[in-house]
Amino acid sequence: MSSLSRELVFLILQFLEEEKFKESVHKLEKESGFFFNMKYFEEKVQAGEWDEVEKYLSGFTKVDDNRYSMKIFFEIRKQKYLEALDRQDKAKAVEILVTDLRVFSTFNEDLYKEITQLLTLGNFRENEQLSKYGDTKTARSIMLIELKKLIEANPLFRDKLVFPTLKSSRLRTLINQSLNWQHQLCKNPRPNPDIKTLFTDHTCALQMGLLELHLSIFLLLQLQSLLPLHHLERMPFPPAAAAANASALAGWMANAAASSTVQASVVTASSMPMPPNQVSILKRPITPPATLGMVDYQNLEQEQLMKRLRLAQNVEEVTYPASRQQASWSLDDLPRMVAFTMQQGSTVTSMDFHPSHHTLLLVGSGNGDITLWEVALRERLVTKQFKIWDMTACSLPFQASIAKDAPIPVSRVAWSPDGNFIGVAFTKHLIHLYAYTGSNELRQHLEIDAHVGCVNDIAFAHPNKQLCVVTCGDDKLIKVWDMNGRKLFNFEGHEAPVYSICPHHKENIQFIFSTAMDGKIKAWLYDNIGSRVDYDAPGLWCTTMLYSADGSRLFSCGTSKDGDSFLVEWNESEGAIKRTYNGFRKKSAGVVQFDTTQNHFLAAGEDNQIKFWDMDNVNVLASIDADGGLPSVPRLRFNKEGNLLAVTTADNGFKILATAAGLRSLRAIETPSFEALRTPVEASALKVAGTSATAANISPNEPKVERSSPIKPSSILNGVDTAARSTEKPRSLEDVTDRSKPWQLAEIVEPGQCRQVTMSDNSDSSSKVSRLLYTNSGVGILALGSNGVQKLWKWFRNDQNPSGKATSNVVPQHWQPNSGLLMTNDVSGVNPEEAVPCIALSKNDSYVMSACGGKVSLFNMMTFKVMTTFMSPPPASTFLAFHPQDNNIIAIGMEDSTIHIYNVRVDEVKSKLKGHQKRVTGLAFSTSLNILVSSGADAQLCMWSIDTWEKRKSVSIQMPAGKAPIGDTRVQFHSDQIRLLVFHETQLATYDASKMERIRQWIPQDGLSAPISYAAYSCNSQLIYATFCDGNIGVFDADSLRLRCRIAPSAYLSQAALNGSQPPYPVVVASHPQESNQLAVGLTDGSVKVIEPPESEGKWGVSPPAENGILITRTASSSTTSNHTPDQIQR
């Protein structure tokens, strides 16, 4: 159904509601499935009309659609069942059990049995979990709260829970407008027509004289001039704001008349002067009163009409601000010095600096990737490759147009004003929103199928103090979305694809300028009245509009189809061009892009150059070529301070230009060597500016991961690339940073140098912590002991811990249910010394699965009850992993070297994978590569297809000289789902998982020479935490595998423990799921410790720099550059 047909349904729903056709309203809601009436649903639930509740729900979802729907129907039917039991109506309860609840038994047989057992109780409240069940009314209210949460979380109800904002009687109004339009087209219009039917078009019979006709037209035009005031009274703004808005756009509307032939003829026909802000409304049909008859023009007194018109003319206009007295400016205030060049790897299509972190640059690419760069460190912090998050939620036209796995180029990237969100627009349909937490992590927030065709622009705005996203596209529409993906406004009126948008505000008035590819400029308020402006941009093609930083001056830059470019400043109060800037070549090779900075300068990219203007002077102030390498029409972006300028290059990269102050700000951050700190992806697959030796055979476009890896294998040991490479030549003398201050390894040796909290249970200190997990919510820690008992510690929200998250500042509670149950695994007949504990937690923290040499047990995390057991030994289970897309599928590594793909729901092993020679010790899924990687005690890595469970590849990890390939090898995926951390007691290594080729390797030595006991990525994959059998903890840079911090055992263990015969040491380490600098370790004495850096530091040291490939550390031998093979490392 088209969008207009859908909107018609909403209009009909409004009409039926206003006319009190209650049953018809809800029947149409259900049959159309467009609007879920939560109020009606609540009424039926509170009334206990369960048949009607399910019947209404069936218009939107079915029981087996998804887990949210299943839970909704289960809660309703369970409540119906409990009410029957409460009435002592056992017959009805049995009927509900058999007909309604039976369907859920296939998903949870134990739960169904437990529900059935309620029939045997005299009062079901004797059941512990139902002991607090109150009266029916209270129970329904409590259930209703849960149902509302489930409905709001259910993707099937997306965009269906809020009725569009419509003015009352909107359908009648549209009909009246149609009748008025028909009446205007009458050859013989009557002053008071008699309309008796809507079934045929209206026409008037010839009954009036010529004088009456002229009088009617004259009054009609006068009435039309009144309508804007009538509309402004009804706008969702305060009266003062509405008046201010009328004047703010008055000039635009007055000048817009020239571009409309309809307006021009109307204005000419009227001898009566009209206020400028009244003219544009003549483009639209009159909105008459909410009656089906026509407007009775003769009932208006001409004196009152003139009085109201005079009042309208007295609206105060906003005048253009006078020029400010500005401090003296010079060319030194322009960022003209090339600081360095970075390689993106694909055509850079859009850039935007963070609004407050002035060296944080967001880059969008032609291959669909977005990358966050810390330009001061020359570091690629995080890259998000293009991926459709939920294809089922996308429209059918989009699904038909997209080729499988083909990336879609980025058209625009933008930061939200507060810097907490990133908006990404693509050249087909989609926008992506990411949440930025400040820890170099981009979390998927929202995916919207926003427009048909290309989404040409995206921006953020704050209408009504609510953060929203504004988009425009090839479908000629501008749309406004809230941060939950709900469409708030849909602006129609452009007759060509909308090229750009410019949300802005004047005092309390929020509005949007838009430009289309036919050169039309329109302005919109956040209402449903329509465009307030219809004006022609110079060039009549692609134009972008920007305000100066203080919002006082408006500029636009555009290019015509013939290549003529125009940079102009607008006089907002008059809607006219104030000045046109000179300096463009006669024919530009593309659409010129521009930016403003410091409320004083303009910059545009054209003719392989960057051209600068003083805002108050039409002549070019300066032109630079940035040492060459720019495309014909480079894209550019200033940071908010104006001391840095990012400019795209012709070879898929960008340059950072700086002022002298900008160069100092770059030096202010301790800057590692550019080459030494490049990410593995970047260092091997992307061409480095000024470096050609390693890039001769590399395509500038990154290949798709499924076919070829973006990571080139290299023999990099202990964080140093053993292959010769050159560093980039600085572009200017000022770019040479001060490296006289030596970097030192951060060493934490005293308890006061870190924050920590200890969780211990003295009941069994002989049981070491074998496995350790944070809950996915970050509020708890789950530890599995070697005795098979699992313990859960929880943090709760209070004054000391307002977030309720795990923290070292507050001692958590050792949590147990009221029943006192322990989560104890089956250990009958198991030798604890030989058992291999394993554990996995469901994504929603509801269930934990574990084993300790015996059967695998599935525990309920709320009750600690065993839901089911499976996989009885032999062979015993040695590693567990939930399938990332289906919690019912579990990969189980076995003692006999096989991997079982087990379906919990049907209690069946679906596949048995064979590839290892010894027990399986690690499993990790990658949704990006669609693979499962397994590791074994045989030092082998195997790659398996998730679709077919066939083995794709098997490799052996490279052991150091003299080390036997024995012991546990474990694996964990980087957040990019491509790089893989592999750790063994002899090494840390990173691999390109798509090819199973090693990127880097670190071998224990010097201060950290003991065997590695465990390792884990931080939540943002920027760090690697590694624990050692002598009690040390190492914090490594994840990309370079360079040690940045050592935490000595004396920092977190008591002196008594250190002086014991067998000092405890960490067996396992876990990282907090949201706090990248928080780790937890499980020790051999059964205790768990949460450790964080001091609040004054906030992080574990800094990334170690490199000088000509040699790391400056206290222990030079730990990173000496060498061309030896791994077996020849000198130590």
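Preceding block: the structure.
Residues numbered from 1 in each chain as written. Predicted model: local features only at pLDDT ≥ 70, side-chain atom pairs only at ≥ 80, totals over all residues. Heavy atoms only, no water.

K.L.:
What is the right way to read helix H2 (residues 22-32) from this model?
P.N.:
Each full turn of the α-helix corresponds to 3.6 residues, which orients residues three or four apart in the same direction. Within H2 the residues assigned to the buried category are Val25, His26 and Glu29. Down the axis of H2, the buried side of the element spans an arc of 85 degrees, and every buried residue falls inside it. Summarising the geometry of H2, the exposed residues directed more than 90 degrees from the buried face are Glu23 and Glu31. Summarising the contacts, the buried residues of H2 are in contact with helix H1 (3-18), helix H3 (38-47) and helix H4 (50-57). Trailing H2 by a residue or two, glycine 33 shows a phi angle of about 70 degrees, which is positive. (Buried < 20%, exposed > 50% of the residue type's maximum accessible area, 1.4 Å probe, protein only. Helix = DSSP H or I, 4+ residues; strand = E, 2+ residues; numbered from the N terminus. Arc of directions from axis to C-beta. Contact = heavy atoms within 4.5 Å.)

K.L.:
Is there a simple way to explain the packing of helix H6 (residues 90-101) against helix H7 (residues 109-117) in this structure?
P.N.:
Between two packed helices, what matters for the description is the angle formed by their axes and the separation of those axes. The interhelical angle for the contact between H6 and H7, taken along N-to-C directions, is 165 degrees, at an axis separation of 11 Å. Judged on the interaxial angle alone, H7 and H6 are roughly antiparallel. With respect to the hand of their crossing, H6 and H7 are arranged in right-handed fashion. From H6, Leu97, Val98 and Leu101 reach across to H7, where they touch Tyr112, Ile115 and Thr116. Residue composition of the contact of H6 with H7, grouped by class: five nonpolar, one polar and no charged. (Axes fitted to C-alpha atoms, helices over the stretch in contact; angles between N-to-C directions. Parallel < 35°, antiparallel > 145°, perpendicular 65-115°, else oblique. Left-handed = near helix turned anticlockwise from the far one by under 90°. Nonpolar A, V, L, I, M, F, W, Y, C, P; charged D, E, K, R; others polar.)

K.L.:
Please clarify how a negative patch on the surface should be interpreted in this entry.
P.N.:
Where like charges cluster on the molecular surface, the negative patch consists of Glu833, Glu834, Glu895 and Asp896. By the secondary structure assignment, glutamate 833 is in the loop between strand S37 (823-824) and strand S38 (838-841). Classification of glutamate 833 by relative accessible area gives exposed; the value is 74%. (Patch = residues over 30% accessible without salt bridge, like charges linked within 9 Å, V, L, I, M, F, W, Y side chains within 5 Å. Areas by Shrake-Rupley, 256 points an atom, 1.4 Å probe, with all protein chains shown as cover. Salt bridge = Lys/Arg side-chain N within 4 Å of Asp/Glu carboxyl O. Lys, Arg positive; Asp, Glu negative; His and termini not counted. Charge placed at Lys NZ, Arg CZ, Asp CG, Glu CD.)

K.L.:
Honestly, the nonpolar core in this entry has me stumped. Any pointers?
P.N.:
Side chains that are nonpolar tend, in soluble globular proteins, to be buried together. In terms of nonpolar packing, the biggest core is built from 53 residues, with Leu772, Ile781, Leu988, Ile1024, Phe1036, Ile1047 and Trp1100 touching the most fellow members. Beyond its immediate chain neighbours, meaning those up to four positions away, leucine 988 contacts Val982, Phe983, Arg1000, Gln1001, Trp1002, Ile1012, Ala1015, Ile1024, Ala1026, Phe1036 and Leu1041. Among the nonpolar cores identified, the runner-up in size contains 38 residues, and Val45, Leu101, Tyr133 and Leu147 belong to it. (Core = buried A, V, L, I, M, F, W, Y, C linked by side-chain atoms within 4.5 Å.)

K.L.:
Looking at this model, I keep getting lost on the environment of proline 193. Mind explaining?
P.N.:
In this fold, proline 193 is placed in the loop between helix H9 (170-184) and helix H10 (210-233). Residue classification places proline 193 among the buried residues on the basis of a relative accessible area of 8%. On a C-alpha basis, the gap between proline 193 and threonine 203 in space is 8.9 Å, while along the polypeptide they are ten residues apart.

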